[in-house]
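Residues per chain, in single letters:
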Amino acid sequence: MTAMTDPPNEGFRLSQLIYDTRYRSMTIQAVAFMLIMAGIIWLANNTVQNLSALGKDFDFGFLWSRAGYDINQRLIEYSNDSTHGRAAMVGIANTLLVAVLGCVLATLLGVIAGVLRLSKNWVVARLMTFYVEGFRNIPLLLWIIVIFAVMTESTPQPRDFREGGTASMILNDTVAITNRGIFIPNPVWGEGSGALIAIFLASLVGIWAFRRYARKLQEQTGQILPVLWVSLGLFFAPVILAYFILGRPVTLIYPELGGFNFTGGIQVRNSLIALWIALSLYTGAFIAEVVRAGILSVSRGQTEAAFALGIQPSRTMNLVILPQALRVIIPPLISQYLNLTKNSSLALAVGYMDVRSTLGGITINQTGRELEGMLLLGVFYLITSLIISSAMNLYNNSVKLKER
Amino acid sequence: MSEIHAQTVSYVRETMLPEQEPPVTERGAIKWVRENLFSSWLNGLLTLISLYFVYWVLSHTLGWMVYGIWDASSLSECRAIRDELYGEGANVACWAVIADRWHQLLFGFYPAEAYWRPVLALILFGGALAPILFDGLPRKMLMLSIAAPFVCYWLLWGGTIWGPAAVALGFVIGGMIYAYSQSIIGVLGATIAAVLVPILYWLFLAGPIAGALGNTLPIGINAIGSAEFGGFLLALVIGASGIILSMPLGVVLALGRQSDLFIINKFSVLFIEVIRGVPLIVWLFTASLLLNYFLPPGSNFDLMLRVIIMVTLFSSAYIAEVVRGGLAALPRGQYEGADSLGLNYWQSMQLIILPQALKISIPGIVSSFIGLFKDTTLVVFVGLSDPIGFSNLIRATTDWNGIYWELFIFIGLCFFMFCFAMSRYSQYLERKLRTDHR
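What this report covers is the structure whose coordinates are included nearby. Keep in mind it's a predicted model, so treat the numbers as computed, not measured.

**Observations regarding the overall build of chain B**
On a plain count of helices and strands, chain B comes out with 18 helices and two strands. Taken over the C-alpha atoms alone, chain B extends approximately 110 × 80 × 40 Å along its principal axes. Burial status across chain B gives 40% buried among its 438 residues. Summed over all atoms, the accessible surface of chain B reaches about 24600 Å², with 68% contributed by carbon and sulfur.

**Details of the interface of chain A and chain B**
Taken together, the contacts link 54 residues of chain A with 52 residues of chain B. Between chain A and chain B, roughly 4700 Å² of surface is buried when both sides are summed, and carbon and sulfur atoms account for 75% of that area. Area buried by chain A at its contact with chain B is led by Gln29(A), Asn137(A) and Met374(A), which between them contribute 12% of it. Run the count over chain A and chain B and you get zero salt bridges. Where chain A touches chain B, the interface holds 14 residue pairs in polar contact (both at pLDDT 80 or more).

**Quick look at the side chain of Ser268(B)**
Residue and element names in this part refer to chain B. Here Ser268 is to be found in helix α12 (residues 262–277). Residue classification places Ser268 among the buried positions, given a relative accessible area of 8%. Apart from the residues within four sequence positions on either side, Ser268 is in contact with Leu253, Gly256 and Arg257.

**Thoughts on the packing of helix α2 (residues 21–54) of chain A against helix α13 (residues 280–294) of chain B**
The description of two helices packed together rests on the angle between their axes and the distance between the axes. As a packed pair, α2(A) and α13(B) sit with axes 6 Å apart at the nearest point and diverge in direction by 100 degrees. As summarised for this structure, α2(A) and α13(B) are arranged roughly perpendicular, according to the angle between their axes. In this structure, α2(A) contributes Trp42(A), Leu43(A), Asn46(A), Thr47(A), Asn50(A), Leu51(A) and Leu54(A) to the contact, and α13(B) contributes Asn292(B), Tyr293(B) and Phe294(B). Its residues placed into classes, the contact of α2(A) with α13(B) shows six nonpolar, four polar and no charged.

Rules used in this analysis
Residues numbered from 1 in each chain as written. Chains lettered and ligands numbered in written order. Predicted model: local features only at pLDDT ≥ 70, side-chain atom pairs only at ≥ 80, totals over all residues. Heavy atoms only, no water. Helix = DSSP H or I, 4+ residues; strand = E, 2+ residues; numbered from the N terminus. Buried < 20%, exposed > 50% of the residue type's maximum accessible area, 1.4 Å probe, protein only. Areas by Shrake-Rupley, 256 points an atom, 1.4 Å probe, with all protein chains shown as cover. Contact = heavy atoms within 4.5 Å. Buried area = accessible area lost by both parts, 1.4 Å probe. Salt bridge = Lys/Arg side-chain N within 4 Å of Asp/Glu carboxyl O. Polar contact = N/O pair within 3.5 Å; in protein donor to acceptor, adjacent residues only side chain to side chain. Axes fitted to C-alpha atoms, helices over the stretch in contact; angles between N-to-C directions. Parallel < 35°, antiparallel > 145°, perpendicular 65-115°, else oblique. Nonpolar A, V, L, I, M, F, W, Y, C, P; charged D, E, K, R; others polar.

Below is the structure:
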């Protein structure tokens, strides 16, 4: 009963590399690898030849030489005597600033628009549809330019704020909206402001601890504490009390018209505001669709079941709908945040000094180091994208349905 | 029973009462308004705020738009007409800029006597697109779709007709080899030959053949360089070529990313992630500043082609991710079913997996196309004059210095029309391809 026959032992033939499925995949991979490597070597070889023909080398030393240009919008210390590397850091800080501001405002707008678009209110739903379709179907660049034009063309000049001028400051004479930017009060951190900040941080910790305690209590006994009111109280009361007890350590310097421009306050430039608002409105329209899809993905039966259990509508939203919708919302939300960060490179259109304009713009023009500059720029965006997506993936994993 | 009633009850109604109308507040327009606009105090407040907002916007813009002036040749003339018609300093639009610069906004610096060429190319493109978009049309029209890219190229850039014809011949050669040599050298051999022979033909033979034919039989229209392209013509050419070229590349990348072959998988992942991680504007600058470093010394080709290549690569990475989602969403059984039928990889992909995966990914694919078309505006930064670039150029002239909103509104509306049409079409396609019964 030797039914088992040995496999034909013919040895390895070269044709097996193509016709035998066991080896074919290796052949294909080897060929693909060689082709790709040949392509890369060809590109690298061309680059080396071209660089030597132009008499250039591949060197990042320019990052430590004097930049010699000014940057009007900066978060960290910088002057035109600083290095190109420092200029790049200023640009990175500016990019991150507008990206963070944009993500916050876009989320806010997107959630509001997405929820309102589902509202039964006909006028509101139509208005939101109009907003979403309008922003999704018109290029972002056009919006940035339009909003920048609105800010510079239809706002008053600083000289209109003089006595008898046509413009006046808003919010009790503390904020001036001009065509050179918005001037807001500048806080002065006096004696004892450190203690104030410490108290504020302590109250944040207190809120966190209280919410933890309340959740634990609810899980153990079912008793529900008024979390929202206590949190709000803890947020405001200690700081306001301490502010007066410590003798008003933080004061504000209000912007005042001096000569041809405002002085004293902080000038938030039009370029930043236009970019911020345009990015937020544009991305907000996309987030609105994400939110809408997420809420629609929770089946109607969930709401009905929650009502049948006697849960109030607001709690139904918080405890039943949103946690389920979030699972659908978060992955596309991540890619919207990434898009916003990448789209912030359109700062070029309004002259906002982001990393593309400093490192990828003026620095490249001044030093002639296109290859190195663009490489650094690409690496920066790549790393930022990876960090954002991994951070949001961590969060996504924490809200994901736990499958066992 | 009724007899009993007749004895015990003095009166019984024998006919139904006629139906009464519901109360006024529960019918017609009032009911609708109550339910949809003022169902709660919060809703009512929202309605009022929205209505006020709409009123505020319209009151500021409607008159400005409707009373706009269409017939003037400069902004100062426009203002003079306005002062005459509506009094000093009235706030009305000056649409005359669009009428005045209509051709520039559409065609850029394209020579005026050749405007028929882009128009004809657009009609041809529409005709070629129609059988792909709507399957009610005769299938013979697909021949037009195959020929259209070459004819459109020839119409737009001009020159001798033999250049595009020689390139097209390469595809014909490849197709013929694949169709007729399978019996001789097998499927694999035929596939390899069908790829290699046309490439060799393009590299070494196409140029001389086109040159020789051009010398003996000079058929052609005068050549127009890429630098003359501008306005919506530029946006459409870049957008359309990007869309057409990035689709096959994207599908291949998606298959590569789903592939079991380690090296191919890793290279696809690397390519997709690097392209997606960096903004398009950086890639465009790479195309304009760096591409010369990567190519053999001395080679130089025009900026528009470089931009098209970059836009294609960029968009293909996004499409690859969308298609990958579609591939991953298919149940495992579909792959196993294809294997159990004895189909090889390409057959199973072509017949079973891709039709379903692409169907699921339609909304995503179309939204990447919309994104690509909107992103064509970024070419303004590398020195091409797309509509936004032209709005800057028009504003820089003395005639129209200081005009903003009219141009922005016109450009925005044009983009809106294209993109909105695309998204509507994707919804139509989704409905049509839905095979589940709901």
